[in-house]
Amino acid sequence: MLRRIAPTSASLARRLIASTSTTRSISSSTRSLNKAQDNFTKVLREEIDSIKAAGTYKSERIIVSPQNSSIRVAGKDGKTSAQINFCANNYLGLADHPEVIARSKHFLDTHGSGLSSVRFICGTQDIHKDLEKKLTKFYGTEDTILYASCFDANAGIFETILTAEDAVISDSLNHASIIDGIRLCKAKRFRYDNCDMGDLEAKLQEADKAGVRTKLIATDGVFSMDGKIAPLDKICDLAEKYNALIFVDDCHSTGFLGPNGRGTAEYFGVEDRVHIVNSTLGKALGGAAGGYTTGCKEMIDLLRNRSRPYLFSNSLPPAVVGSASAALDLIEGAKTNGLFDSLWGNTKLFRKLLTEAGFTIKGDNHPISPVMLGDARLASEFADKMLQRGIYVVGFSYPVVPKGQARIRVQLSAAHTEEQIRQAADAFIEIGRELGVIEKKN
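In this text the structure is predicted, and so the values were computed from the model without any measurement.

What counts and what doesn't
Residues numbered from 1 in each chain as written. Predicted model: local features only at pLDDT ≥ 70, side-chain atom pairs only at ≥ 80, totals over all residues. Heavy atoms only, no water. Helix = DSSP H or I, 4+ residues; strand = E, 2+ residues; numbered from the N terminus. Buried < 20%, exposed > 50% of the residue type's maximum accessible area, 1.4 Å probe, protein only. Contact = heavy atoms within 4.5 Å. Areas by Shrake-Rupley, 256 points an atom, 1.4 Å probe, with all protein chains shown as cover. Expected span 1.5 Å × (residues − 1). Pairing = 2+ DSSP bridges. Axes fitted to C-alpha atoms, helices over the stretch in contact; angles between N-to-C directions. Salt bridge = Lys/Arg side-chain N within 4 Å of Asp/Glu carboxyl O. Phe/Tyr/Trp six-rings, centres within 6.5 Å; stacked < 30°, edge-to-face > 60°.

**Q** Which residues make up the overall build of the protein chain, and what are the values?
**A** Summing up its helical and strand segments, the protein chain has 16 helices and 16 strands in all. For the protein chain, the spread of C-alpha atoms along the three principal axes comes to 95 × 60 × 55 Å. Classification of the 442 residues of the protein chain by burial places 48% in the buried group. Of the contacts formed within the protein chain by residues at least 6 apart in sequence, a portion of 69% connects residues at least 24 apart. Per element, the accessible surface of the protein chain, about 22,300 Å² overall, is 51% carbon and sulfur.

Okay, here's the thing in structure tokens:
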């Protein structure tokens, strides 16, 4: 039998020294870690303080009801208040439509909560393919690919289809997701002034001089902060003159712009002249989430094999697929059930009431109706006062919009009633006079 040998005093001393040394080492590492965290926190706090000092700090308001033209919002005191909502992308009012909710619940029951997988492993269900086919038919294209968001679709498109031999010519006011997507690709980059066809032509000529293989013009269909519609007919003319392709991000037109709601290309009658459309399921098409790219079959095949956001993101949840599918069905009947008429009638009325009162409203008679205020602090104060009067709007300022162009972006919906629109207009006029934005009545 082996006997346990008691440690000698020298051995105990060595262990004690080693233990003390380890403790000191851990303590030193902890201090170093804490110092690094303290320095990092200090940098972050200074940045947040600078944002607050500039009047551009953004706080999130808490909604405790479904998305609609009328919502309930939690106050700082914990109490909720009824608000008329004028800042959602819920253009056709389908976010809480009974048929949209019912289809979403049905797909949840029949296909589960999620796939726990990306599409190419074990994340493609029949409902995903059905929705892609439905979108393809809606646009009259060859194929469509679904993404978790249009941001992902924009992040995946340019890197996949363009190389260092190519060029992308981008509008200066394109959405951040387009800008970020272009940054990921190796193509030569050119930027033209917003909707300036003379500058676009000059940049196309520069791209030709650079000897590029493929030229891709990238533009928003509707610019989300301005409600401005890109002159897609003129862009098509230049694209054909210089043998270029056209990419359109149609998030703020899909479902309601054009005779059948097919977006900017349909609005201008150039559907067969636009090569790539990226858009969202998270605005007019049910308001949940999801995005897509639609175009030629070869491009979609390549995206399925090389688009990183598609390859490395979970499949779109069945409930979201269901809501988008139902929304598309409803949009096909929008002209007969009055949704389009309500949306455009509401847009016309709001813009008329505020313009007559002396406000400056940007945009091209689009449901995005930016009330221009200029100063960031003024926009924030104005929005807070509107909230106190039961009108839910948000002030937008730098870096979301250029410095000196702060605004309240009002978004009209088919769900708004005439009474709600007049109530909002009255509140704008009252506060505008109070803050000196428009002249007071004599």
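**Q** Can you explain helix α16 (residues 418-434)? Please cite residues and give values.
**A** Between its first and last C-alpha, α16 extends 24 Å over 17 residues, near the 24 Å set by a 1.5 Å rise per residue. Turning to α16, its buried residues are Q420, I421, A424, A425, A427, F428, I429, I431 and G432. After α16 finishes, the residue G436 shows a positive phi value of roughly 75°.

**Q** Can you tell me about the environment of G261, naming the residues and giving the values?
**A** Within the fold, G261 resides in the loop between β10 (245-249) and α9 (264-268). Between the alpha carbons of G261 and R407 there is a distance of 27 Å; along the sequence they are 146 residues apart. Excluding its chain neighbours within four sequence positions, the residues that come into contact with G261 are F138, S253, T254, G255, F256, E266 and F340.

**Q** How would you sum up the sheet that holds β10? Please name residues and give values.
**A** One open sheet holds the seven strands; their spatial order is β4-β12-β11-β10-β7-β5-β6, and the pairing between them is mixed. Across the chains shown, the open sheet's two edge strands, defined by having one partner strand only, are β4 (143-147) and β6 (188-192). Across the sheet, the mean angle separating the axes of adjacent strands is 20° when strand polarity is ignored. Pairing of β4 with strand β12 (residues 291-295), which is carried by five bridges, proceeds in the antiparallel orientation.

**Q** An account of the pattern of salt bridges is requested, with residue identities and associated values reported.
**A** For the coordinates displayed, the defined rule picks out 24 salt bridges. In this structure, K352 engages E356 in a salt bridge whose closest nitrogen and oxygen atoms are separated by 3.1 Å. With K352 and E356 both in helix α14 (residues 339-357) and four residues apart, this pair spans about one turn of that helix. Among the residues examined, K352 registers a relative accessible area of 44% and is labelled partly exposed. Take E356: its relative accessible area is 58%, and that puts it in the exposed class. The network of salt bridges with common partners includes R119, K129, E132 and R304.

**Q** Account for the sheet that holds strand β14 (residues 391-392), with residues named and values stated.
**A** Read from one edge of the open sheet, four strands run β1-β2-β3-β14, paired in mixed fashion. Of all strands in the sheet, those bounded by a partner on one side alone are β1 (62-63) and β14. For β1 and strand β2 (residues 70-74), the ladder comprises two bridges, and the chain directions are antiparallel. Along β2, the bridge assignment pairs I62 with A74.

**Q** Residue-level account of the packing of aromatic side chains, with values.
**A** Under the criterion given, the structure shown has twelve aromatic pairs. Their ring planes at 35° and their centres at 4.4 Å tell us that Y91 and F256 sit as a pair that is tilted. Here F256 lies in the loop between β10 and α9 and Y91 lies in the loop between β3 (80-85) and α2 (98-111), a separation of 165 residues in the sequence. Both residues of the pair, Y91 and F256, belong to the buried class. Ring centres of Y267 and F268 lie 5.0 Å apart, and the angle between their planes is 90°; this geometry places the pair in the edge-to-face category. What makes Y267 partly exposed here is its relative accessible area of 43%. A relative accessible area of 26% places F268 in the partly exposed class. Clustering of aromatic rings is evident, with ring pairs tying together F86, F350, F359, F382 and F428.

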